[in-house]
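Coordinates in review
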Amino acid sequence: MRKRSRPPDLPEDPTLIVVAIAGGSPLPEGAGPAALGSKAFNLGRMAAAGLNVPPAFVIGTGFCAAPEMVTRDVWSGSLAELERVSGLRLGDVRRPLLLSVRSGAPVSMPGMMETILNIGLTDATMPGFIRLTGHPRLAWDAYRRLIAGFGEVVAGVDGRCFEADLAAIRNGDDERMLDFARLRELARRHGETFARESGRPFPQSAEQQLSEAIAAVFRSWSSDKAAAYRTRNAIRHDMGTAVTVQRMVFGNAGGLSGAGVGFTRNPSTGDPALWIDFLFHAQGEDVVSGRRDARGNGDLPSLAPGVWAELQAAASTLERQFADMQDFEFTIEDGILYLLQTRDGKRTPLAAARIALDMLDAGLIDAETARARTRTLDARTLTVHRIAAADGGTLVPLASAASAASGVVAGAIAFDEDGVRRQRDAGNPVILIRRDAETRDIAALDLADGLLTRHGARTSHAAVVARQLGKVCLVGCEALAIDEPGRRIVIGDQAFPEGSVLTLDGNEGRIFAGRVAIVEEVPELLLARLARLNAGSGRMDGPAERQNGSSGADRLQIGAGAAI
């Protein structure tokens, strides 16, 4: 059932809308992306397509300009419907409903606005949640995450304060391995940190948490990083975000549980295979925040073949429904797969060409759509840069990392926006070095030519933005130690002060000292496919040619030994 409502004293504005999503029928008339934001609109489409989507309600984009209008009367009816569908109740001490509060504009702005998870946990509801789940570790893990997330997003507490609490409690251990007693102590410390840094205790009313979270997510539309992203991408500042309130599902529930982000195809090369980052015993923010490392495709198929098969089927459904490569978020709770969002995936030019042509061949899009998606692509934009030893010998990398965006770049290292600007002013290409892959670094990343991080997943929001901006991006480099006060990094036994030159190989996930020679490769067969498309012939001649269309075997090598 889906319900559309508007308080009687509000003006007749189609964006001033509240819509409940709980599976079944199509979205109501007028509930399009402009009103609901693309994220919530796509959530409704996924539910209508039969995918397993947790129930939710959406507060429309029209409220973003005046979030003070979002009183309890605006969402109380939709909350009651969500409680009815889930069989739980917000603030109930026996069967508490826990909620996520997420942003979602009409256009994709990955990581630029905020999300708050586990709304509804309080000292009073904790015992009921523990009894309901039978899982004390899950309960205390969720509570400590709520206090930290709420503190950072709603109360404006510096996230590093909560990271310091975590570091003290885990004492070098993986936080996913902390038992409930240490997580309970962490929640207590987070409560003290919240009170100390914000000047008030953590709110113990579930409805107050929800009300403040909704207002904070609406406010995040006006944050510096969101405004900078809109300016750079020519997105209207008056568009606004919607807010989605959704029943929580728990990737930190133990057993076969976890959270992940997937692309239905490889966003760097266009290869038609699932491209997944996944963390067992985690929540979604662990993957997309850029503060945690995540695993790729290697673990899930072997450890959870049934879930992997469901993911493959879901990816196929998403591509049929949306007729494009999708970037989707999912949670596995005790072996059950839930889809939390989907959007058209950011991709490199090479991937854009391969995906459009392959989708045309598969009948997912028509020739006109394929031409529109490849209109700006030519030999120059599709040329691939690869490293090469100038003397034909073997290059020895300093370290390796996960590649989030392909290509090769050499540049002077810098640690923040000011450092990037200094190097740019000196005429140097720049590699931004950061501990975490976070979107708050968008201004520095926009100026830099590459990004290298100690932590982060290939699908973190910052990595997605780097790929969209055409920056070479390596994340999760375990060998990288960052000495921020000393303005230097250490990789292995070598130290590199700010301004030192490194080369990032985003194709193979390697880091080299100094400048490395490159070769340029032109994907000739892919260009031939594009030429036939633009000449009107459209489809490929045969499967063998499609297979080689951008596999690497079709490339013409030029410029051997050229310097970066």
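Position labels on residues start from 1 in each chain and follow its written sequence. Given that this is a predicted model, residues contribute local features only at a pLDDT of at least 70 and side-chain atom pairs are listed and counted only at 80 or more, while totals for whole chains, interfaces and linings are drawn from all residues. In computing side-chain properties, one takes all heavy atoms of the structure into account and sets aside hydrogens as well as water.

Observations regarding the overall build of the protein
Across its full length, the protein carries 19 helices and 24 strands. In what follows, residue pairs with any heavy atoms lying within 4.5 Å of each other are defined as contacts. At a minimum sequence separation of 6, the contacts of the protein that also span at least 24 residues come to 66%. Using a 1.4 Å probe, accessible areas were evaluated by the Shrake-Rupley method; residue-level cover was limited to the displayed protein chains. Summed over all atoms, the accessible surface of the protein reaches about 22,100 Å², with 49% contributed by carbon and sulfur. Elements are defined by DSSP. Helices are runs of H or I of four residues or more, strands are runs of E of two residues or more, and each kind is numbered from the N terminus.

Side note on the packing of helix 4 (residues 136-153) against helix 6 (residues 180-198)
Contact geometry of helix 4 with helix 6 gives a least axis separation of 8 Å together with a crossing angle of 20 degrees. Between helix 4 and helix 6, the interaxial angle falls into the category roughly parallel. For the pair helix 4 and helix 6, the sense of crossing is left-handed. In this structure, helix 4 contributes Pro 136, Arg 137, Trp 140, Asp 141, Tyr 143, Arg 144, Ile 147, Ala 148, Phe 150 and Gly 151 to the contact, and helix 6 contributes Phe 180, Leu 183, Arg 184, Leu 186, Ala 187, His 190, Gly 191 and Phe 194. Looking at side-chain class alone, the contact of helix 4 with helix 6 contains eleven nonpolar, three polar and four charged residues. Lines fitted to C-alpha atoms define the axes, with helix axes restricted to the stretch in contact, and inter-axis angles between N-to-C directions lie between 0 and 180 degrees. Roughly parallel means an angle under 35 degrees; roughly antiparallel, over 145; roughly perpendicular, 65 to 115; everything else is oblique. Handedness of a crossing is defined here by the sense of rotation of the near helix relative to the far one, left-handed for an anticlockwise turn of less than a right angle and right-handed for a clockwise turn. Polar here means any residue outside two lists: the nonpolar Ala, Val, Leu, Ile, Met, Phe, Trp, Tyr, Cys and Pro, and the charged Asp, Glu, Lys and Arg; Gly therefore counts as polar.

Structural notes on the nonpolar core
Residues belong to a common nonpolar core when they are buried Ala, Val, Leu, Ile, Met, Phe, Trp, Tyr or Cys residues joined through side-chain atoms within 4.5 Å. Burial classes: relative accessible area under 20% of the type maximum marks a residue as buried, over 50% as exposed, and values in between as partly exposed (1.4 Å probe, protein chains only). In this structure, Leu 210 and Ile 214 are the most contacted members of the largest nonpolar core, which totals 80 residues. Non-local contacts of Ile 214, meaning those with residues more than four positions away in its chain, are made with Ile 59, Val 70, Trp 75, Val 101, Val 243 and Val 245. Among the nonpolar cores identified, the runner-up in size contains 35 residues, and Ala 31, Ala 35, Ala 56 and Leu 318 belong to it.

A look at the sheet that holds strand 12 (residues 399-400)
Judged by pairing direction, the sheet is mixed, and its eight strands sit side by side in the order 12-22-21-14-15-16-17-13 without closing on themselves. For this open sheet the edge positions go to strand 12 and strand 13 (402-405), each flanked by a neighbour on one side alone. Should DSSP find at least two bridges between two strands, the strands are taken to pair. Sheet analysis places strand 21 (residues 501-505) next to strand 22 (residues 510-513), joined by four bridges and oriented antiparallel. Looking at the pairing, Leu 502 lines up with Ala 513 of strand 22. Packing against the sheet, helix 15 (residues 417-425) makes contact with strand 14 (408-414) and strand 15 (430-434), and its axis sits at approximately 115 degrees to strand 14.

Some words on helix 12 (residues 349-361)
An expected span of 1.5 Å times one less than the residue number is assigned to each helix. Taking 1.5 Å of rise per residue, 13 residues should cover 18 Å, and helix 12 covers 19 Å from first to last C-alpha, within 8% of that figure. By the criterion of burial, helix 12 is predominantly enclosed, with twelve of the 13 residues buried. Here helix 12 has its buried residues at Leu 350, Ala 351, Ala 352, Ala 353, Arg 354, Ile 355, Ala 356, Leu 357, Asp 358, Met 359, Leu 360 and Asp 361. Within two residues after helix 12, Gly 363 carries a phi angle of roughly 80 degrees, on the positive side.

Some words on empty space enclosed by the protein
Buriedness of a pocket was judged along seven lines, with at least five required to meet protein on both sides within 12 Å; pockets are open sets of points on a 1 Å grid over the protein atoms alone, cavities are sets where a 1.4 Å probe fits but cannot get out, and lining residues have an atom within 4 Å of a point. Grid points are joined across faces, edges and corners, and a volume is the space filled by probe spheres set on the points. Applying the stated criterion across every chain yields a total of two cavities of 30 Å³ or more. Of the pockets and cavities examined, the second largest cavity occupies roughly 40 Å³. Going through the elements one at a time, helix 1 (33-48), strand 6 (242-247) and strand 10 (336-344) are the ones with two or more residues in the lining of the second largest cavity. In terms of residue count, helix 1 provides more of the lining of the second largest cavity than any other element does, three residues in total.

Remarks on the packing of aromatic side chains
A pair of Phe, Tyr and Trp rings is counted when the ring centres sit within 6.5 Å of each other, with Trp represented by its six-membered ring. The angle between the planes then sorts it: under 30 degrees is stacked, over 60 is edge-to-face, the rest tilted. What the rule picks out here adds up to ten aromatic pairs. Between Phe 278 and Phe 330, the aromatic rings sit 5.9 Å apart at their centres with planes inclined by 5 degrees, giving stacked as the arrangement. Here Phe 330 lies in strand 9 (residues 326-333) and Phe 278 lies in strand 8 (residues 275-280), a separation of 52 residues in the sequence. Both residues of the pair, Phe 278 and Phe 330, count as buried.

Remarks on the sheet that holds strand 9
Strand order in the open sheet made by the four strands is 8-7-9-10, with antiparallel pairing throughout. Of all the strands in the sheet, just strand 8 and strand 10 have a single pairing partner and so form its edges. Across the sheet, the mean angle from the axis of one strand to that of its neighbour is 15 degrees, orientation sign disregarded. Taken together, the six bridges between strand 7 (residues 258-263) and strand 9 define a ladder with antiparallel strand orientation. Directly across from Val 261, in strand 9, lies its bridge partner Glu 329. On top of the sheet, helix 11 (residues 305-322) reaches strand 8, strand 9 and strand 10; it is set at about 145 degrees to strand 9, its chief contact.

A look at the packing of helix 3 (residues 126-133) against helix 4
Two numbers describe how helix 3 lies on helix 4: the axes approach to 8 Å, and their chain directions differ by 140 degrees. With respect to each other, helix 3 and helix 4 are oriented oblique. Classified by chirality, the crossing of helix 4 by helix 3 is right-handed. Note on element contacts: helix 4 touches helix 3 through Pro 136, Leu 138, Ala 139, Trp 140 and Tyr 143, opposite Met 126, Phe 129, Ile 130 and Thr 133. The residue makeup of the contact of helix 3 with helix 4, split by class, is eight nonpolar, one polar and no charged.

Points about the environment of Asp 446
Within the secondary structure, Asp 446 is located in helix 16 (residues 442-447). If we ignore the near neighbours within four places in the chain, the residues touching Asp 446 are Arg 232, Leu 469 and Lys 471. For the purposes of these results, a polar contact is taken to be a pair of N or O atoms within 3.5 Å, where, inside protein, one atom must be able to donate a hydrogen and its partner to accept one; residues adjacent in sequence count only when each atom of the pair is a side-chain atom. A polar atom in the side chain of Asp 446 sits 2.4 Å from the side chain of Arg 232.

Observations regarding the pattern of salt bridges
Here, a salt bridge means any Lys or Arg side-chain nitrogen found within 4 Å of an Asp or Glu carboxyl oxygen. Enumeration according to the criterion identifies 32 salt bridges in this entry. Salt-bridge contacts for Arg 145 lead to Asp 141; the nearest nitrogen and oxygen are separated by 3.1 Å. Remark: Asp 141 and Arg 145 occur in helix 4; sequence separation between them is four residues, near one turn of the helix. Relative accessible area serves as the criterion here: at 14%, Arg 145 is assigned to the buried category.

Let's talk about the pairing of strand 18 (residues 480-483)
Burial of strand 18 is one-sided: the residues Leu 480 and Ile 482 facing one way are buried, the residues Ala 481 and Asp 483 facing the other way are not. Of the pairings in the sheet, the one linking strand 18 to strand 19 (residues 488-491) comprises four bridges and is antiparallel in character. Bridge pairing links Ile 482 to Ile 489 in strand 19. The turn linking strand 18 back onto strand 19 is made up of four residues, and Arg 487 within it adopts a positive phi angle of 50 degrees.

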